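The chain contents come next:
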Amino acid sequence: MKTNLRQLLLVSFTLAACAVAFAAKPLAGPKGGKILTTDAPHAEFFVEKNRTVTITFYDTSLKPIPLTGQVVTGVAEAKTGKVGLEFSAKGGALVSNFPLPKGDDYTVVLQVRETASARPKVYRVQFHDEVCDECKRAEYACVCDDAGKEHEHDKKKE
Ligand SMILES: [Zn+2]
């Protein structure tokens, strides 16, 4: 099982490297949130209307997968002060115990552990409250090609 996992990780790593090379579009979270991961199992960061955060896990084809004991904690680094977030299972996903603090344009740092004893993977999300004009998704979950980069529309030479 361990070697299998290691091989899987190697394959994922190679795939991830390819994805970067081809500058693939960011994956669109099925709930409208941001996919944090580059390989499956994917984790989606989604801010609900009441500003609580839901983390949902998906397989390679972005089909939801049940929780398998993942542990997620987070820190919302709001301008008004940092707020620690803990997540508990609810409806097959992990939901934060507190809503995101007021304000906009701050970093949410998430630590995702596959199991309580696993090493955490750290993800950072720049939280924006507004909606993207182009893809109509929440700005923090924008999937536009040029998200966060300069426009490259006239670079299509092939
Ligand atoms: Zn967009």
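Residues numbered from 1 in each chain as written. Predicted model: local features only at pLDDT ≥ 70, side-chain atom pairs only at ≥ 80, totals over all residues.

A. Region of interest: the overall build of the chain. On a plain count of helices and strands, the chain comes out with one helix and eight strands. Put simply, the chain runs from its N terminus to its C terminus through helices and strands in the order α-β-β-β-β-β-β-β-β. (Helix = DSSP H or I, 4+ residues; strand = E, 2+ residues; numbered from the N terminus.)

B. Geometry of the pairing of strand S6 (residues 93-99). As judged from the three bridges shared by strand S3 (residues 52-58) and S6, these two strands associate in the antiparallel manner. Each residue of the ladder has a partner; that of Thr 52, found in S6, is Pro 99. Connecting strand S5 (residues 81-90) to the antiparallel partner S6 that follows it, the hairpin turn spans two residues, and Gly 91 within it adopts a positive phi of roughly 60 degrees. (Pairing = 2+ DSSP bridges.)

C. Examining the confidence of the model for the chain more closely. For the chain, per-residue confidence averages 85 on the pLDDT scale, and 77% of positions sit at 70 or higher. Low confidence marks residues 17-21, where pLDDT is under 50. Its contacts with residues over four positions away, or in another chain, come to two contacts. In the model, residues 147-158 has pLDDT below 50 throughout and makes four contacts with residues more than four positions away in sequence or in other chains. (pLDDT = per-residue confidence, 0-100. Contact = placed C-beta atoms within 7 Å.)

D. Examining the sheet that holds S5 more closely. Ordered by their spatial adjacency, eight strands build an open sheet running S1-S2-S3-S6-S5-S4-S7-S8, and the pairing between neighbours is antiparallel. Unpaired on one side and paired on the other, strand S1 (34-35) and strand S8 (121-127) mark the two borders of the sheet.

E. Structural detail: the environment of Asp 105. Assignment of secondary structure puts Asp 105 in the loop between S6 and strand S7 (106-113). For Asp 105, a count of 13 C-beta atoms within 10 Å gives the class partly exposed. Considering only alpha carbons, one finds Asp 105 and Gln 126, 21 residues apart in sequence, at a separation of 6.3 Å. (Buried ≥ 20, exposed ≤ 12 C-beta atoms within 10 Å, placed from the backbone.)

F. Quick look at the nonpolar core. Phe 45, Val 53, Ile 55, Val 72, Leu 110 and Val 125 are the most contacted members of the largest nonpolar core, which totals 23 residues. Those elements that place two or more of their residues in this core are strand S2 (42-47), S3, strand S4 (71-78), S5, S6, S7 and S8. Each residue touching Leu 110, except ones within four places of it in the same chain, is listed here: Leu 36, Phe 45, Val 72, Gly 74, Tyr 123 and Val 125. (Core = buried A, V, L, I, M, F, W, Y, C linked by C-beta atoms within 7 Å.)

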